[in-house]
Every structure is written in C-alpha cells, then in structure tokens.
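Below are the chains, spelled out letter by letter.
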Amino acid sequence: MAKKGLHSPRLDTISMVEETIKKNNGLSKTELWKKLPKQMMYQTFSTVIDYLIETKKIILNTEGKIKLVLEEEKEKTEGKESLKGTEEANERKEIKETGKKEIGTQKKQSIEVFKVDLDDKTKKIAVELSEIERKSLKALNEEKKELSVQELSEKAGIELDSARRSIQWLNEKGLGKARIQKSVFVSLGKEGLNALKLGLPEKNFLKELGTEWKKISEIKSIPKQEINIALGNAKKKGLIELKKEKELIIKTTEKGKEFLKKKSEEELMLEKIGEKEINTDLLSEKEKEVLKFLGFRKDFLKHKEKGNEFISITEKGKEIKTSEILLNAKIRKYNIQDPVQEIFPGKKQPYYKFQDEIKQKLVSLGFKEMKNPLIVQEFYNFDVLFQPQNHPARTWTDTYKLKKPQYGKLPEKRIVNAIKAAHENGGKAKSKGWKYTWSEKIASQLMPSAHGTAHSARQLVKGIEVPGKYFSTARCFRPDVVDATHLIEFNQLEGFVLGKDFTFRKLLGLLKEFATEMAGAEKVKFLPDYYPFTEPSVQLNALHPNLGWVEFGGAGIFRAEITKNLGIKEKCLAWGLGMDRLAMFKLKLNDVRELFSHNLNWLRKGE
Amino acid sequence: MPTIESSKKDLEELIGKKFSKEELMEVLLCVKGELDAIEEDVLKIDIKETNRPDLWSTEGIARGIKAYVGKEKGIPEYKVLKGKRKVFIDEKLNGIRPKGAYAEIREIKITEEVLLQIIQLQEKICQSFGKKREQIAIGVFDLDKVKGNCKYFAAEPSMEFVPLGFNEMMSLREILIKHPKGKEYGKLIEEFEKFPLLVDENNEVLSMPPIINSDTSGKVTTETKNLFVDVTGFNQELVNTALKIMCMALADRKGKIYSVELNYGKKKLISPEFKKEKIVFSLKEVNELLGTEFSKKEILKLLEKRRMQGTVKGKNLVVDYGDYRKDIIHSWDVIEEIAIAFDYNKLVPETLNVFTLGSLEEENKGINKARELCIGFGLQEIASNHLTSKEVQSKKMFLEEEFVEIANSVSLNWEIFRKKLLPESLDFLSKNKHCSYPQKIFEAGRCVELNESKETGVEEKWKLCICISHSKTNFNEMKSVFEALARERKTGFKLKEAKIPFLEEGRSALIEFSDGKKGFIGEISRKVMEEFGLETNVSVLEIEL
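Within the largest apolar cluster, 125 residues are counted, with the highest numbers of intra-cluster contacts made by Phe552(A), Trp575(A) and Ile125(B). Here this core takes 10 residues from helix α7 (residues 236-252) of chain B, the largest share from any one element.

This is the structure:
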C-alpha cells in the first residue's frame, strides 16, 4: 500500500541507516531513528527498515530490537540466491526511481512481528488480534465515531456475527467500549407480507373502481372483510367519494387517480422492510411517521425490542497503529495452547483390517484364496456336499432362497450325474447313499451362500492341486434372529487341505496350528461333532488366556461320497473358523453387531 | 440339533453311575451331546447329530453312555415276544396315509419322568424326522383300554369320538376345525374325502392319525401299566424305525415288547422286528483314515464301546450294528465311532509337513490398492450390508430399478441385494449428523445385479463409493479426488454430462473408463438429501473397480 506523502528513500539514505544499525546493533526502531546522523521522516525511515528486513540484511526480533543478520548467514543466503542479488539491485533502483515499492505485499518470508512502543501487555494483545478485530479497529479509526453492530459489519466488511464477536472481544481487551442500547426492530406481519406481495388493499380497490360510480356490491377484487378497511383507508386519504343511494356507491377522486400512478410512501416502506428486520432508530423522522401509519393496520407490522450493540474506540485502541498491525495481519502469533479443529486420519474399517491380517496369515501359511461369490446354486451349497434335498436345513424357514433370479446353471453333465448317483445310491463311494430321487431343479435353485463350505465345494468341482491348501473368507446369509451373537450377514473363514497320506491326526495338527497362530491359544481340546458333509467331524475348542475355553471352529474329513464321486483320491481335510467371534475377541467387543457399527465416532477412534 | 431335557437323577439311574457336572459333560461327548444348561436336576442337552433319533430321550442317551463307561457293551439286544393282536390296514388309505406299525409294551413302570420322556421322544421324532408329523406320527395308548384286534382305515368325516382334552363327541371334521391339534396338523388330511382312523374290535376309536388320540384309550398316566404304540406315515421303513426307537426306550424302562401283526390284506408283516445291519470294509482303512496304529484287538474293543460288534475276516473288518442306526451309510461312519471311543484328545496332532505357495485372489489386489489410496486421501472406510431394502436403493434415490431379490426374507429391510453402494453410504451419513464435519467416507464392496448370461443369473461387481460431506463441498472437490485416483490406478477415462436422478443437475457426470468400466460423480440433489434427512451437502463418487 502506497503511503501518502512518502518520500522515496534514496540509496544513500538506505546506506546511512545500514551504517547506523551496524554501529548500534539491537536497538528498537524508535531508538534507532533517534540515533540517525541525519534527520528523516519516520515514515521514510520505516520504509527503509522494511526494505532492509526484506533483503535479509536485518531482522526485528521478538523484543522489538533491530539486529543485523549475521555475516555467515548473510553469505549463505546471498550465495544461495545469487540471482536475488541482481533482483536486489533492481529493487534498489526501483525504490529510488518509483518510490512505489509496496511494502505490505511481499511477505513471503516469515518476518518477526512489529511491536512499536507499546507496553508489554498491549504488545501481547496487539499481536494476537484476529483478522476481524483488526478490520474492526481500522473501521473504527476511520469512521471516528461510535458504530452500531450493523454499521461495523458494513464498514469493516465482515459478517454480522463476526462484528458482534469483534465488539465483545475488543471490549474485553479494552480496545473498544461496547454499549447496548435497546432499539425497536420492525418486520412485516402476515398482512404486511401479503400487501408486499399482492399490493395494498386500497390500491387494489382503487384499481377496480375506475372513474365511474360503482356500486359496492360490484366490487369483486376484494374479499368482503377487507372492503371496510380499504374503504376506510381510501376515504381517510381522500382518494374516493362516497354517496349513499339504495346502496353505497363509490367513485375515485382526482387525488385517487394520482395515487394510482405512483408508489405511495407506505408501499416504499413495505419494500424497504421487505423480509428483514430493520432498526427503527436508523429511520428518518418522516419514515417513522409512515411506519406509524402502517402500524395502525391490523397484522401489518411486528415490533420487537432488541438490544443492539454499539462500539467506540478507546485510547488504547487508537494506540495500536492499525495500519502496522494490519500489515502483519497475515502472520499473527498463535497461542499454542489454543484448542484447534479436530481432524481424523483415513482408516480401514476395523473388521476389514482384521480380515486383511487374517488373509495375510493364511497366505503365509501356504493357503490359496478361493473365489467366494455371494450367490450360489443349492448344488454347491448343499448337493455337492452330500446334504440330501429333504434335509431339514434346506427348508423355507432355515435357508434363504432367491426369488429373482430363481434358477442358475449347473456344471457339465458328467459332474451332475456323479452327484446324482452319490445321493441316490452312494455312487463310486461304496456308500448306501440317501436312497431318494435327486432333482436337478432343486439343485439349480439360487440362494445367497449360507456357509463358506459352498466355496470349497465349488473348488473341488473346478479342480484342485495335490497337495493343496485352500481358504476363503465368506460372507454368509441365514434367516436368523439378529441379536448380540447373531447377524443376518456374517463371516466365515473356511477351507480345506489335501495331500497324499493326509489323516485325521493331521487335521488335528492343522487345527492346533490355527488356534495358536490366530487366537494365541495356550491349549486346545477336540470334541466329537457333526456336520452333514464331514466324517469324522471335530469341534475345536481353544484355551484363551482371558476367556477360558471357547469354541473356535469345526472341521472334519470331507465324506467319501463327495470326494470319491468327484474323482479325488486324496483325503480332503476341511475346516471352518468363526471369523466374527475371533474379531470380537481381537477388538474387545461384546456384541457382534458392533463389528459393523455405523457409528462414525467409533470408527474414527478405532485402531 | 434338538435339545433334549433330562433329569440328571433319572439319567444316572438308567446308566447305573453318578456323575459330577464336569464328568457328565465329558461322557455326553460320546453321544455328541453338549450340556447347554443345568438347573438343579434338569439338564438341557444339545444333541448335534440330526440322524440319530434314538438319542432323543434320556433312555437313548443312557444307552450310549452305558457302553462308553463300560456298563454294557456291544449291540443292544431287544427281545420281542409274540403277541396275538392284529391290526388290519385298509388299502383305501393309499394316498391318504397308508403305512402303519404297531407294538405292545407290557408291565412297564411309568413315572412322571418316564411320561415326560415318552412325550419328548414322540414329539422330537415327529417334528424333525417325521417332518412335522407328515412322514411320522406317533400315538401311545393305554393297552388295557384296547380290546381285541384293531382296524386302521379310511373313515367318513362324520364319524365321531371324544378327542383328548375335550369331553364331548365331535365329528372328525369338527375336530380338524375346533381342536388345537386339528388346526395345527389338519392340512395333512383335510383335503381328502375320508380321514384315517384307528379303532379297536368294538369300534372304539383310539385315534385319528396324525391329529389326535381319543380321550379314553389315548390317555396315558403314571397309573398305566401297559402301552400300545402306533406309528403311521408313508414309508414302511421309516415308520418301522420310529416304532423301534419308541420300543427301545420303553424296553429300557423294563417294559416287555410284544409283537403285532400288520395285516395289509395280501401282505402281512410282524412289527416290531429288530434286525442287525452289516458293513464290511478293509481293516487298514481305519488306521489310514485316522493316522493311528490300532491293532485288531483294539479296534474290536473300541467298537464294542460304541454298541457295535466287529469281527475280522481276513483283511476285512465286518461290523454289525442295530438297524436303528440309520446314520451308518459308509465305512467312515464306523471309523468315526472308533475314534470317538478312543477319545480325540488322546490322538496326537500331526503337522501337515507339506509346502505349498499361498496367494490372494487376483481380483483382490486391485481392490486393496484402491482402498489404500482412499486411506491416503484421509477417507474413513465404512462397511454396509449387502442385503438392503428397496426403499433405500430406489425410492429414496428416485430410481426405478430391478434387483436381485430374496423370496423368503424375514424383513423388508433385507429383501434385496444392493445394486449401488451410494444409497448405503447416504444412509450411513444420515445416522451420523451429530458427528463433526467434514465427514469423508468410502466403501469398497460388492454389488449384485441381474445378468442372465452368468452362471448364477447375477453379476457381482466390485465398486468403490466415496462421499465427502461438509457445507462447502462441491463437484470440483470430488473431481480432484477422482482424477488423483484414476492417475494412481493408471486408468484412462472420459467424463460425460448426464442427467442423473439423484444428483444435482449441472453438477454431475457419468464416467466411462477406457476398459469399459463405468461410474458417476456429482453432488447429491436437494430432493435426495431430504429423503435421507441430510442437512449438509454431499459430493459423491461411485465407480466399478
């Protein structure tokens, strides 16, 4: 910002100031000014100081003392930006020539803040002023009178709310004096708003009247209840003539005709108020009169007495040279203890994070991830797994079925026939089978997968490697009642391993490894269990350091009716672990529903 | 699966041994039973095997444990004395309820507990095994009130008798309408012109299977000394099995089983008939499957503990077992028994010792990268359900769409599979209006849409949805995020102006990736914000991954 009456400093002036500083390192600005061998205007001196700071020749430290930048540092900075040297030279030329060097605009380096001749307390206050306070002080200084909060908002160019806050803060800091004055604020009532939208009733009335005598019964535009008001107002203003014959007849007067031509004062007032609330103190006497008349009309105006804030600047406030403060407005000092806005880092959903870790563990143990579709045919969910079509678990109430689409495709005939044989008579497995007629249609019924073993079934059909280790994290769906331990959609971790000479004992070994690796179990226990698709079957219990013995998972050897009929010679050891329960342990939850909580606060605070 | 209620004292008496709670829990394992609850004398046992109806009463459980603890061994033997009674079965019942099996149990001591167990066993067999009485319905009668030979025939619905629990004569049809059991099971017979009826020689009604017994002979109390058991259904084999299981339990209560002749006219059968089944397999299969080194002697001893009888014939093992064991269909079923008898915890776990290379599913790699990028943008990952409502996915979004639907959903809230992630994210935001803004969330998950060409008639697509919500958010902010995402994933794309019903017009676009995948980006429209009750602006992005 160019200052009025500023003399552009000459090169020798700058040198003179530099020399003075060299001989008097560590003086305040005023002290230094007084020490100059040749007198100069303080403004000019200020400009030179700014320039020297900018070109890194001097600094203004926290105590308000001007100090030379140390020689090495100077060389460093000069060396680094030798280009700047040329720039500096150009700058000097510019200053000399144009004197228009804008001081306030190039604060790209951080410079120490000015404090000019203020006592310590005031210095502290000045330096911590917010943007709105600075703007307010500037406006107060310039207007040189008391301002209402609305005027302050307008003159300082800040929001009304900010102006309010500014008044409060300045008052607290003793830089301004706040005063509350009760003023009456007026806004339009129901009828007033109507009149603003549709026009004053008397206007509308007059418009309909025209110049001829009209019977009152002929007036259509105005509702009956308003006619009297309109009549009254119009007569009062001398806009109409009335005559009583059989009934009342009316005619506009000259005055009335004039009235129609332009906007009345009342209309102007309505427009002025509009949808706002205006402070009646700010109205002229004439306007107040008009308002009074409007007020006589029913429901036209609403009055509210409110305290309005006013602020005037104090001596202390005047002391703080607003221009200098504003100069540094962009780099005010922060109170490091002030609370700041809370922000949150991006995070994984805790359950998915847990699932990722489990997957990594399994991959490191040599397991291949299988595909885990959400929708499967009953063929994979039940039939391949040798669960008969009349099994109670396949009824309407125990398992979901799709309505749309309803049926899916089955794999090649060879496989379908093998499964059919398995169910009906055991097929190639030396088994009795279930002895019923197996239906392809039922097998092709679509359903959301009810257990992860459906994916293992699909893998067995698709093809497996020997030896092989497979796993999947399956999203399963069952029509269960939702409570603290059950979800409509839940997760299972399951899979199977197969290889030459795999036995039941090896299955137990695998389970023990899972319990130790994934749940940190100290000991394990094996219990006889039942699954329609494994024999023998086993339940794994693990000894948790805090919770004692807990059910960890189930496993077994896939029945021969499954593997032999799919042409698999080796024993397939299948296993399934409750992922959700494991996650609950890890995340220290008591209710499984919390795993998939939609509470953003919980997610943000999670690990 | 079924939970069986037993009296601890009763169980211990039948077994002939007392147990502490811990000991009880251990021995129950041999019948795959888990102690769900124990309240003083009352035990609630969860029997996990669905194919062992013989275990669904205290007698059956005791039968298994007795052998396990050495009180008995081998196949349980049940003697059937020759009875004189006949039951004539009318062939007109064909199509209605043609098959029956009957037995007499004499000199049985019935206590309160015995009565409870009879009712429980009857109930459990009929409900699950009998498919809610359709395949199996069981009736138990006071034998002393049954005179002479019986007739099981198709009767006129106008015939009358006093059903159990009532005290006036009612016609068969009336019973279906008025009696609670009639209302519950009437649909099994109501469409027929005649109803099944069991009467004695004096035409006294015993019961109307599968509905209800009569109040006279059908009432069994602790005073009853002799019982008559009737089982009806469609499959003789099944009906016979159910009858045998009832008889076994009653015989375990010291009742004496007397046979009854089933007279089908041309065919005559004696019921019950306890037979032995046999299964033969190679001896080495046992150790091969289990990984053990059992000797022949050990195997035979273990089989005895499981109520079976084994003999070695050359290289083979011949195992005999009672024909009530309908769950034995393959050699491995027997080998499991051997392992249970030995105790799983005595088997030493062995490591697999096989090296394989692990890997994640190929598709997942790209998805994980996208998730990591989102976290890098400071977004919070959320998880919403795959099952959702039509209201959230279409009504609130002003869309008309077709979804993959569930036929038997338990609630409208979980009726369809989500087709877009965005509605779920908006739903999430609407639940978190009290949390501090800005709110920046994302979800990477699967959506399901109809696609006839696919094997399962649906296509499961991985999608990514990002929502940024704060008062100053706009299209440009999201566009920056999107462009950064596309740049990092090295995917080329084109933006097209489009009218998207749930996005603010003029502030939205369709995305087309160079590999054919699609997406959309924009600001949520006011209308949709209102529908979800959102008060702060949301800019969104959803793309196929």
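This brings us to the sheet that holds strand β29 (residues 518-524) of chain B. Residues and elements named next belong to chain B. Spatially, 7 strands are ordered β21-β25-β26-β30-β29-β28-β27 in an open sheet, and the strand pairing comes out mixed. Both edges of this open sheet fall to β21 (380-381) and β27 (493-497), since each of them pairs with a single strand only. Pairing of strand β25 (residues 439-450) with strand β26 (residues 458-469) involves 12 bridges; the strand directions are antiparallel. Directly across from cysteine 447, in β26, lies its bridge partner lysine 461. This element, helix α13 (residues 422-430), spans β25, β26, β29 and β30 (538-544) of the sheet and lies at about 35° to β26.

Once that is clear, we can look at helix α8 (residues 149-156) of chain A. All names here are of chain A. Looking at α8, one finds that the buried residues are Val149, Leu152, Ser153 and Ala156. Viewed end-on, α8 has its buried residues packed into an arc of 100°, placing them on one side of the element. On its buried face, α8 is in contact with α7 (131-143), β4 (147-148), α9 (160-173) and β10 (301-313).

Here the focus is the interface of chain A and chain B. Chain A puts 94 residues into the contact, and the matching count from chain B is 83 residues. Between chain A and chain B, roughly 8,100 Å² of surface is buried when both sides are summed, and carbon and sulfur atoms account for 57% of that area. For Arg559(A), the salt bridge goes to Asp333(B), with nearest N and O atoms at 2.8 Å. Linking chain A with chain B are 51 residue pairs in polar contact (both at pLDDT 80 or more). If you tally residues by element for the side of chain A that touches chain B, the top one is helix α23 (residues 504-519) of chain A, at 7 residues. For the side of chain A that touches chain B, a count of residues per class yields 44 nonpolar, 22 polar and 28 charged. Across 2 bridges, strand β13 (residues 402-404) of chain A lies against strand β23 (residues 405-406) of chain B in antiparallel orientation. Bridge pairing in β23(B) places Lys404(A) opposite Glu405(B).

Residue and element names in this part refer to chain A. The strand order across the open sheet built from 7 strands is β11-β15-β16-β20-β19-β18-β17, with neighbouring strands paired in mixed fashion. On the outer flanks of this sheet lie β11 (368-369) and β17 (524-528), each paired with one strand and no other. Along the sheet face, helix α22 (residues 453-462) touches β15 (468-477), β16 (489-499), β19 (548-558) and β20 (571-578) and points at about 35° away from the line of β16.

Rolled over the atoms, a probe with the dimensions of a water molecule shows which regions are left empty. All names here are of chain B. By the definition in use, this model includes 8 cavities of 30 Å³ or more. In this structure, the largest cavity occupies an estimated 100 Å³ of space. Taken together, 14 residues make up the lining of the largest cavity; nearest its centre are Arg52, Gly64, Arg306, Arg307 and Arg325. With 3 residues, the single largest contributor to the lining of the largest cavity is helix α3 (residues 58-68). Taken together, the residues of the lining of the largest cavity sort by class into 4 nonpolar, 2 polar and 8 charged.

Parameters and conventions
- Residues numbered from 1 in each chain as written.
- Chains lettered and ligands numbered in written order.
- Predicted model: local features only at pLDDT ≥ 70, side-chain atom pairs only at ≥ 80, totals over all residues.
- Heavy atoms only, no water.
- Core = buried A, V, L, I, M, F, W, Y, C linked by side-chain atoms within 4.5 Å.
- Buried < 20%, exposed > 50% of the residue type's maximum accessible area, 1.4 Å probe, protein only.
- Helix = DSSP H or I, 4+ residues; strand = E, 2+ residues; numbered from the N terminus.
- Pairing = 2+ DSSP bridges.
- Contact = heavy atoms within 4.5 Å.
- Axes fitted to C-alpha atoms, helices over the stretch in contact; angles between N-to-C directions.
- Arc of directions from axis to C-beta.
- Buried area = accessible area lost by both parts, 1.4 Å probe.
- Salt bridge = Lys/Arg side-chain N within 4 Å of Asp/Glu carboxyl O.
- Polar contact = N/O pair within 3.5 Å; in protein donor to acceptor, adjacent residues only side chain to side chain.
- Nonpolar A, V, L, I, M, F, W, Y, C, P; charged D, E, K, R; others polar.
- 1 Å grid on protein atoms, 1.4 Å probe; cavity = no way out; pocket = protein on both sides within 12 Å on 5 of 7 lines; lining within 4 Å.
- Points joined across faces, edges and corners; volume = space filled by probe spheres on them.

Everything listed here is a matter of geometry and, on its own, says nothing about what the molecule does.
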